[in-house]
Amino acid sequence: MRSADLLSPVDVPGAAGVALQHPRGVLVLWIELAEQRPFTEEDHTLLSVLAGRLG
Amino acid sequence: VVFRADDEVGVDLAAVDWASTPLGVPEDWPQSLRTAVNILLSSRFSMWMAWGPDLTFLCNAAYRRDTLGSKYPWALGQPAREVWAEIWSDIGPRIDSVLTTGNATWDEGLMLFLERSGYPEETYHTFSYSPLRDEDADVVGMLCVVSEDTDRVIGARRMATLRDLGSDPSVVRTEAQMLHFVAEQLDGNPYDLPFTLTYLFGDDGDAQLAGVSGIERDHPVIAQTLPANRSSPAFVSMAAHGESVLIQLGDSRPLPTGAWDTQPEQALVVPLLQHGDAPVGFLIAGLNRHRPLDDSYRGFVELVAGYIGAGVSSARSYRTQQQRADELAELDRAKTTFFSNISHEFRTPLTLILGPLDDLRHRPTGVDEQARRELELAHRNGLRLAKLVNTLLDFSRIQAGRMQSQFQPVDLSAVTVELASVFRSAIDRAGLSFTVDCPPLDEPVYLDRDMWEKVVLNLLSNALKFTFDGGITVRVGRDDTGAVVTITDTGIGVPATEMPRLFERFHRIENARSRSSEGSGIGLALVRELVGLHGGTITAASHEGVGTTFTIRVPFGAAHLSDDDLAPPDTRVTPGVVGEPYVQEALRWLPGGATSTPASAVPTLSAPAAGADDRSRVLIADDNADMREYLTNLLRSAGYEVREVTDGQQALEAIRAQLPDLVISDVMMPALGGLELVAALRNDPRTSALPVLLLSARAGQEASIEGLQAGADDYLVKPFAAAELLARVRANLELARLRNHHARWRTALVDSLQEAFFVCDERGAVVEINTAFTEMLGYGTEGLPYEPMHPWWPDIDTDQEFHRLVETEFLDLLQSQQGAFTIPVTHKDGHRLWIAVTFNRADDPETGRAVMVGTFRDVTAERYSVLRTTALGALNQQLAQADALDDALRGAVGELQRVWQARRVLAATFPAAANSEPVTPTLAIAGEPSSGPSSPIGNATASSRCAAPTC
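Residues numbered from 1 in each chain as written. Chains lettered and ligands numbered in written order. Predicted model: local features only at pLDDT ≥ 70, side-chain atom pairs only at ≥ 80, totals over all residues. Heavy atoms only, no water.

Turning our attention to the interface of chain B and chain A. Reports of interface size often rely on the accessible area that becomes lost once the parts have come together. Chain B puts 45 residues into the contact, and the matching count from chain A is 30 residues. Across the interface of chain B and chain A, roughly 3500 Å² is buried in total on both sides, 62% from carbon and sulfur atoms. Its largest share of buried area at the contact with chain A, chain B owes to Arg868(B), Trp900(B) and Phe910(B), together 21% of the area lost on that side. Linking Glu32(A) and Arg903(B) is a salt bridge whose minimum nitrogen-to-oxygen distance equals 3.2 Å. Inspection of the region where chain B meets chain A yields seven residue pairs in polar contact (both at pLDDT 80 or more). The set of elements that each furnish at least two residues to the side of chain B that touches chain A consists of α21 (800-815), α22 (860-881), α23 (885-900) and β29 (904-911) of chain B. Grouping the constituent residues of the side of chain B that touches chain A by class yields 27 nonpolar, nine polar and nine charged. (Contact = heavy atoms within 4.5 Å. Buried area = accessible area lost by both parts, 1.4 Å probe. Salt bridge = Lys/Arg side-chain N within 4 Å of Asp/Glu carboxyl O. Polar contact = N/O pair within 3.5 Å; in protein donor to acceptor, adjacent residues only side chain to side chain. Helix = DSSP H or I, 4+ residues; strand = E, 2+ residues; numbered from the N terminus. Nonpolar A, V, L, I, M, F, W, Y, C, P; charged D, E, K, R; others polar.)

What follows concerns the sheet that holds strand β24 (residues 756-760) of chain B. All names here are of chain B. Ordered by their spatial adjacency, five strands build an open sheet running β25-β24-β28-β27-β26, and the pairing between neighbours is antiparallel. Strands with a single pairing partner mark the edges of an open sheet, and in this sheet they are β25 (766-769) and β26 (818-826). When the angles between neighbouring strand axes are averaged without regard to direction, this sheet yields 30 degrees. As paired elements, β24 and β25 share three bridges and run antiparallel to each other. Of the residues in β25, the one forming a bridge with Cys 760 is Val 766. Strands in contact with α21 are β24, β26, β27 (832-843) and β28 (850-858); relative to β26, the strand with the most contacts, it is inclined by about 150 degrees. (Pairing = 2+ DSSP bridges. Axes fitted to C-alpha atoms, helices over the stretch in contact; angles between N-to-C directions.)

What follows is about the packing of aromatic side chains. Residues and elements named next belong to chain B. Scanning all chains against the criterion turns up 24 aromatic pairs over all chains. Where Phe 57 meets Tyr 63, the ring centres are 6.2 Å apart and the plane angle is 50 degrees; that geometry is what we call tilted. Considering the side-chain rings of Tyr 199 and Phe 282, the 5.2 Å spacing of their centres and the 25 degrees angle between planes classify their relative orientation as stacked. A residue pair is termed long-range when its members are at least 10 positions apart, and Tyr 199 in strand β6 (residues 196-201) and Phe 282 in strand β11 (residues 277-286) qualify at 83 residues. According to the relative accessible area criterion, Phe 282 is buried, its value standing at 0%. (Phe/Tyr/Trp six-rings, centres within 6.5 Å; stacked < 30°, edge-to-face > 60°. Buried < 20%, exposed > 50% of the residue type's maximum accessible area, 1.4 Å probe, protein only.)

Below, the discussion takes up the confidence of the model for chain A. Mean pLDDT over chain A: 84, with 95% of residues reaching 70 or higher. Of all secondary-structure elements in chain A, the lowest mean pLDDT belongs to helix α1 (residues 41-54) of chain A, at 84, while strand β3 (residues 25-32) of chain A reaches the highest, 89. (pLDDT = per-residue confidence, 0-100.)

In structure tokens, the structure reads:
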């Protein structure tokens, strides 16, 4: 994840993550979902938006 | 000298040693004594007298003969107290009373046990004691005038027993009842019959105890069985050969004593004779030991035995008769069942005879006059056979109690007028007058229309058959409780001797002059049964050569009918097809025959309304090849496109391959019957509205109700007329077209909705959807019905939480009247969307069942936009409150966990380094602390600073 495109969420079954710029390097946010539920298109968008804001 | 008046007793009196008595020698007797003795001896009436202080005994010849017995001549000159020592306790007080008061006594039929025959003998006497006075008028003796009543009293007693035995109120009864009754009566005479035992011979010849009187049945001395072999007493075999035997009982075993103080010492065994056959058993009668077994006593016991024998024979013969009657009734039932079965079998071939015949008769060309006449002949007889089959079936149904009736309140007058009009042309043609006088009744009568038609038509047909001059009158009137319908003719009448059997089944009056010699003798019997089902009565009055009147009474109202059999009023006015066979048959009796055809029989073979390109498609399912071919030809010639199959299974396959417009199916078919076919079609949404016409050989409402309940649109009973079948086919197609028009219009409306539309049944299965539904969820009408859990629900394994949410909302929907909710669902291609549903409960007007009607729209975009705004706002707030970088990161991780309700969120900070170089990131965690295998960060250092509150 740390070498992935910044602010481009990636998902695997049951989890999703996104990388963003950090003053000390790269910050990876990794969300482990409570269930094996699908991480939808809208979830991707929302994660990008939140990660961007955090960045 | 004193004893001269009688030379028999006088001699013996003279021989008495009078000197040793208180009276002294007769020469010294006072005149009063001499006179008394003289009167005594000269009377031929039985008398005795006593005189003097010892009451010295004297009697005359009549007394000696009737009463004294073996005490003569010893008693003469003895003190009266000694002569009648055994009864002195009875007569002594009476004599004392005469002597002290001087008043005479009177006793009638007094029972006295006299010891005059060597045993205490039961005797009865009527007597008077009168005083005898001496010269000083003092009472010094008494005179007894006596007549013995023994024979009269005992005779009367025995007669009473025989009379009681004959007083049996019931004519016939079972053997056990008869024996019980006998025992009761014999118990009433413990004098002549202290006890009795009745034995009956079984088939093996053994005698079984069958009845007792005056003794317990299980008394120790009684043998319950006396076998036919040598071990039994001799009297058993003697009785079996019809001989009476007197047996000695002895005193060693205690026996009941009856009315007496001592037990019988003898018993008489008398065979129970039956007319012209071996004895059925024997009677053992304990005998009264105070009476001799004289001819009268023996005769009495034999009469009792004779009564028992006759009773047993009669009970046995009754039982035999009863069994025979039961067997006959059973035979009758079997016959009825047979008729019923065979009648069903007749129906299919009858259809195939009558249908083509009808066709040929109405063919305008190609049939010459000769052929036409023969066709008419065959047609009429076919109708007659059909009518007979129907009548037999009605009968078998009534007898089996399976006649289903539908009683509707009707205007009896109107219905009867209508039915009568069916017969008018035939009656006119016969040259008879026809009077129909049916003023309206002010109360309705509950009738089963089909049954009532048969009643009236049968009676009218009967009247026409037997009337040659004059006319026929039909009247409707009323009395206090009900309607009265009379059908009167001026026909030949019924002989008085035949009247009792008039309504008997299969009874025909022989040699009666009539228009036709045909007849099953079943019509009037059926009429009576049908009237009875209406709670009514039918009677007939007739005079030979004058005419006959049948009077039917049917009660008003429905109080006499079962609620189950009631039906709402029917507006139908025309008589059903039932009428035609009756009229056809009647017309044939008339000169000129049935040349014209009633209007109702003209078939209308017009083509269906639709044009040639739009030919209606009919599928025929019948296992009878002839029937298939007949129906196919009939329908093809009427312009339909016809396919044929041989059973219900093939029909289902054919229908699924290509949907016809109408299905005609036989009920009884191999593989899959007609009723099952209908059920299968109704269960499939694509064919649930497909019209189905069932054909059956089973007549009667119960069969058609069964067919219609299964979901058939119409029901036709074989044999049917071609015209009727075509009319029904056309009507059903027309109805279906109308229905389809409505359905298509509705579908178009629903499909035009932009919102998704669905209908759920009460179980929650989605049974109808529109186009927008399919566009939004990807699921189309081909998959209907969609049973819950619906395929668009979030997956139960991978998405439990949303699945639970949908489930909760869905259950709520099923229980609410209306509402709205927003749920996540999964498109058929797998993508998630959110829909906002609103729903309302509605009732299906046809089935009355509740359904949920709902619409929904896709709110995914709105939902996420709201979510985004909210999440961004929350994140901004966290960031604004944070003082340092770590604070900001910690707040953000917590917020992310909340937004996705995640199990855990990690924030890993990797110091800047080359990508390939392994570094240890700093971790911030919200949610569960432990590191799972799914984490790509793997073995992060445990020393990382923990940001999450749960950490």
